[in-house]
Amino acid sequence: MTQLQNNITKAGYVAIIGKPNAGKSTLMNALIGENLSIVTYKPQTTRKKVLGILTENNIQIVFIDTPGILTPKYAMQAAMMEYVQNSINEADCILYIYDITKYNPQNPLPSDFLNFIQNIHKPVILLLNKIDLLNDRKDVLPVISALSDKNIFSEIVPVSALKQQNSQSIANTIAKYLPESPFYYDADMLSNQPERFFVSEIIRKNIFLAYSDEIPYSTEVNILEFKEREFGKWYINSEIIIEKQSQKGIIIGKNGNKLKQIAERARIEIEQHLKIPVYLEIFVKVRNNWRNDPNMLRSFGY
């Protein structure tokens, strides 16, 4: 990242927004160099804002990874969209990630997209993501030209979050739009969120990868106990929340084998994240229609 002179420091918040599966979480993980946001091939994996802190030289960028922009169908999705709007309000600069494989020359900026961007009165950097999937990299040039002509973006940067192509250019571009400020966090911090949050996300990620259809979207993970021990394994007691009794058998599987597989995969990943052995317990609880229950949503941190 660019080195500032005269010991001047810059720091600011940068909201990463875009439609589901555009590559927001992949991008933040690549920039931070750590898997902070869970990533799966399914849309709507991210539900809450996740902070990632990048500090290099005299510049600190606090990324806010957000849920994919959608039209809410139930209360939980409405809460997710509140995260997006709140993140935009908090940010000094916006990264809008656009999947270039979805580009349509006849309709380069749909009206809903255009209206949304024009209502953000802050610098908006457009990242044309997934350039690695183009047949010819030169195909990105007419896209940049067409979108530049709209005069609504401060910068347009082609990238591949998955292949980490042009990532340094992103950081340098962002730095231009950050205010002079002391750092908000210690230089060695990567996030300000507690470990139990990342543990719950790891379990939820494995649910997304293991089940199909509506099951992943009907589940929430709640950490009941998180005991750090000076000696021996740390103890984690968690529960998978589902909406219907009929989903319980699917989650648990025959003789409990499906749930055991989830727990084992999650335990291994949690140990890699915490760098310490853990004893993980997972139970399954039914909370009818929890995605539309305001009290339940508050209890789960929405």
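Just above, that's the structure.
Residues numbered from 1 in each chain as written. Predicted model: local features only at pLDDT ≥ 70, side-chain atom pairs only at ≥ 80, totals over all residues. Heavy atoms only, no water.

**Looking at the nonpolar core**
Next, step 1: In this structure, I17 and L128 are the most contacted members of the largest nonpolar core, which totals 38 residues.
Next, step 2: Elements represented by at least two residues in this core include exactly β1 (10–18), α2 (75–90), β4 (93–99), α3 (111–118), β5 (124–129) and α4 (140–148).
Next, step 3: In terms of residue count, α2 provides more of this core than any other element does, 7 residues in total.
Next, step 4: Once residues lying within four places of it in the same chain are set aside, the contact partners of L128 are Y98, I100, V140, V143, I144, L147, I156, V157, P158 and V159.
Next, step 5: Residues L31, I170, I174 and A175 belong to the second largest nonpolar core, which totals 28 residues. (Core = buried A, V, L, I, M, F, W, Y, C linked by side-chain atoms within 4.5 Å. Buried < 20%, exposed > 50% of the residue type's maximum accessible area, 1.4 Å probe, protein only. Helix = DSSP H or I, 4+ residues; strand = E, 2+ residues; numbered from the N terminus. Contact = heavy atoms within 4.5 Å.)

**Topic: the pattern of salt bridges**
Next, step 1: Summed over all chains, the structure comprises 12 salt bridges.
Next, step 2: Across the salt bridge formed by R47 and E220, the nearest N and O atoms sit 2.9 Å from each other. Within this pair, whereas R47 is found in the loop between α1 (24–32) and β2 (50–56), its partner E220 is found in strand β7 (residues 220–227), the two being separated by 173 residues in sequence.
Next, step 3: The exposure class assigned to R47 is buried, which follows from its relative accessible area of 2%.
Next, step 4: Given a relative accessible area of 5%, E220 falls into the buried group.
Next, step 5: A salt bridge links R291 to E243; its shortest N-O distance comes to 2.9 Å. With R291 in the loop between β9 (278–286) and α9 (294–299) and E243 in the loop between β8 (234–242) and α7 (246–252), the pair connects residues that are 48 residues apart, well separated along the chain. E243 shares its class with R291; the two are buried.
Next, step 6: Salt bridges sharing partners connect three or more residues here, namely E214, E243 and R291. (Salt bridge = Lys/Arg side-chain N within 4 Å of Asp/Glu carboxyl O.)

**Topic: the sheet that holds β9**
Next, step 1: Taken in spatial order, the 3 strands of this open sheet run β7-β8-β9, and their pairing is mixed. A strand with exactly one partner marks an edge of an open sheet, and here the two such strands are β7 and β9. Sheet twist, expressed as the average angle between the axes of neighbouring strands with direction ignored, equals 20°.
Next, step 2: Taken together, the 7 bridges between β7 and β8 define a ladder with antiparallel strand orientation. Its bridge partner lying in β8, F226 is registered against I236. (Pairing = 2+ DSSP bridges. Axes fitted to C-alpha atoms, helices over the stretch in contact; angles between N-to-C directions.)

**Some points on the sheet that holds β4**
Next, step 1: With mixed pairing, the 6 strands of this open sheet are ordered in space as β2-β3-β1-β4-β5-β6. Across the chains shown, the open sheet's two edge strands, defined by having one partner strand only, are β2 and β6 (155–158). Averaged over all neighbouring strand pairs, the angle between strand axes comes to 25°, with direction disregarded.
Next, step 2: Relative to strand β3 (residues 59–65), β2 runs antiparallel, the two being bridged by 7 bridges. Across the sheet, the residue bridging to L51 is I64, located in β3.
Next, step 3: Its contacts with the sheet place α1 against β1, β2, β3, β4 and β5, and it is angled at close to 30° to β2.

**Digging into the environment of V50**
Next, step 1: Along the chain, V50 falls in strand β2.
Next, step 2: Residue classification places V50 among the buried residues on the basis of a relative accessible area of 1%.
Next, step 3: Between the C-alpha atom of V50 and that of K260, which follows or precedes it by 210 residues, the distance is 28 Å.
Next, step 4: Those residues in contact with V50 that sit more than four places away from it in its chain are M28, L36, S37, F63, I64, D65, Q193, F197 and F198.

**Considerations on the pairing of β2**
Next, step 1: Among the 7 residues that make up β2, 5 are buried, leaving the element largely enclosed by the rest of the structure.
Next, step 2: Remark: 2 residues form the turn of the hairpin made by β2 and β3, two consecutive strands paired antiparallel; N57 in that turn has positive phi of roughly 55°.

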